[in-house]
Amino acid sequence: MTVFHCSRCGNALTPDLTALPTVPAVPGIDVARPEGARQAPPTVPQGYYAIEPEPWGAPFVPQEDQDNPVPSQPRGLLRATLDGFVISAGARDTIVLHPDDGSVLQPLPCWENSTGCCGPDGTEGPNRACPCGARIATLAADCSGPWELHLDPVRTYAFTPPDAHR
Ligand SMILES: [Zn+2]
Ligand SMILES: [Zn+2]
């Protein structure tokens, strides 16, 4: 079992979580959702976490092959800016959680980096902070993408008690 903490203040950010070997594949990000659903099913079930090995989140940079664009990040959509199709150059090894397992985190003042349709799309940079103010996480919760919370791998740390047998 593992608890994630804020690197700045040491505050616990999550309940005890169990590691998943990989980030689960999300069925149906592009598939029709139940009537009225504003979020995808959560990528990671409550009580678990997974490490995303690929770059995820801001910043985004132009893709090399503009004729054969790929999604901008894992479980993401094709994204284009004035520079063309872009791809994430964000951090690798972000910690992916069920959003409800990071409920101690707070939106930034004035909802900075929280632009989206039904929720923040998570492409603008960290949009959730520790109660101490450190910007340590990014919530993606829009109707057009996955529903997941990413902890910054540098600004948070994992603590697993040495006697935890599970
Ligand atoms: Zn903190
Ligand atoms: Zn929407």
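Not measured: the values here are computed from a predicted model.

Looking at the coordination of the zinc ion (ligand 2)
Protein coordination of the zinc ion (ligand 2) is provided by Cys 117 (SG), Cys 118 (SG) and Cys 143 (SG), with donor distances spanning 2.1 to 2.2 Å. All donors to the zinc ion (ligand 2) come from one chain, and their sequence spacing reads C-C-x24-C. Residue Cys 117 is classed as exposed on the basis of its relative accessible area, which comes to 60%.

Let's talk about the packing of aromatic side chains
Centre-to-centre distance and the angle between the planes together describe a pair of aromatic rings. Scanning all chains against the criterion turns up 1 aromatic pair. Taking the centre distance of 4.9 Å and the plane angle of 80° together, the rings of Phe 4 and Tyr 49 count as edge-to-face. Residue Phe 4 is located in strand E1 (residues 3–6), and its partner Tyr 49 is located in strand E3 (residues 48–52); the two are separated by 45 residues in the primary sequence. Neither residue differs from the other here; Phe 4 and Tyr 49 are each classed as buried. We note Arg 79 situated over the ring of Phe 60; from NZ or CZ to the ring centre the distance is 4.6 Å.

Re the coordination of the zinc ion (ligand 1)
Around the zinc ion (ligand 1), the protein contributes the donor atoms Cys 6 (SG), Cys 9 (SG), Cys 130 (SG) and Cys 132 (SG), at 2.3 Å from the metal centre. One can describe the donor arrangement at the zinc ion (ligand 1) as tetrahedral, given that its 4 donor atoms subtend angles of 100 to 115° at the metal. Taken in sequence order, the residues that donate to the zinc ion (ligand 1) follow the motif C-x2-C-x120-C-x1-C. Of the two residues, Cys 6 sits in strand E1 while Cys 132 sits in the loop between strand E9 (128–129) and strand E10 (135–140), which places them 126 residues apart along the sequence. Note on Cys 132: relative accessible area 29%, which makes it partly exposed.

Let's talk about the sheet that holds strand E5 (residues 80–81)
One open sheet accounts for 3 strands, arranged E4-E6-E5; its pairing is antiparallel. Edge strands, defined here as strands with exactly one partner in the open sheet, are strand E4 (60–62) and E5. Across 2 bridges, E5 lies against strand E6 (residues 84–88) in antiparallel orientation. The partner of Ala 80 across the bridge, within E6, is Phe 85.

The rules we used
Residues numbered from 1 in each chain as written. Chains lettered and ligands numbered in written order. Predicted model: local features only at pLDDT ≥ 70, side-chain atom pairs only at ≥ 80, totals over all residues. Heavy atoms only, no water. Donors = N, O, S within 2.8 Å, 3.2 Å for Na, K, Ca; no water. Buried < 20%, exposed > 50% of the residue type's maximum accessible area, 1.4 Å probe, protein only. Phe/Tyr/Trp six-rings, centres within 6.5 Å; stacked < 30°, edge-to-face > 60°. Helix = DSSP H or I, 4+ residues; strand = E, 2+ residues; numbered from the N terminus. Lys NZ or Arg CZ within 6 Å of the ring centre and 35° of its normal. Tetrahedral: all angles 85-135°; square planar, octahedral: opposite > 155°, others 65-115°. Pairing = 2+ DSSP bridges.

Just distances and angles here, no functional claims.
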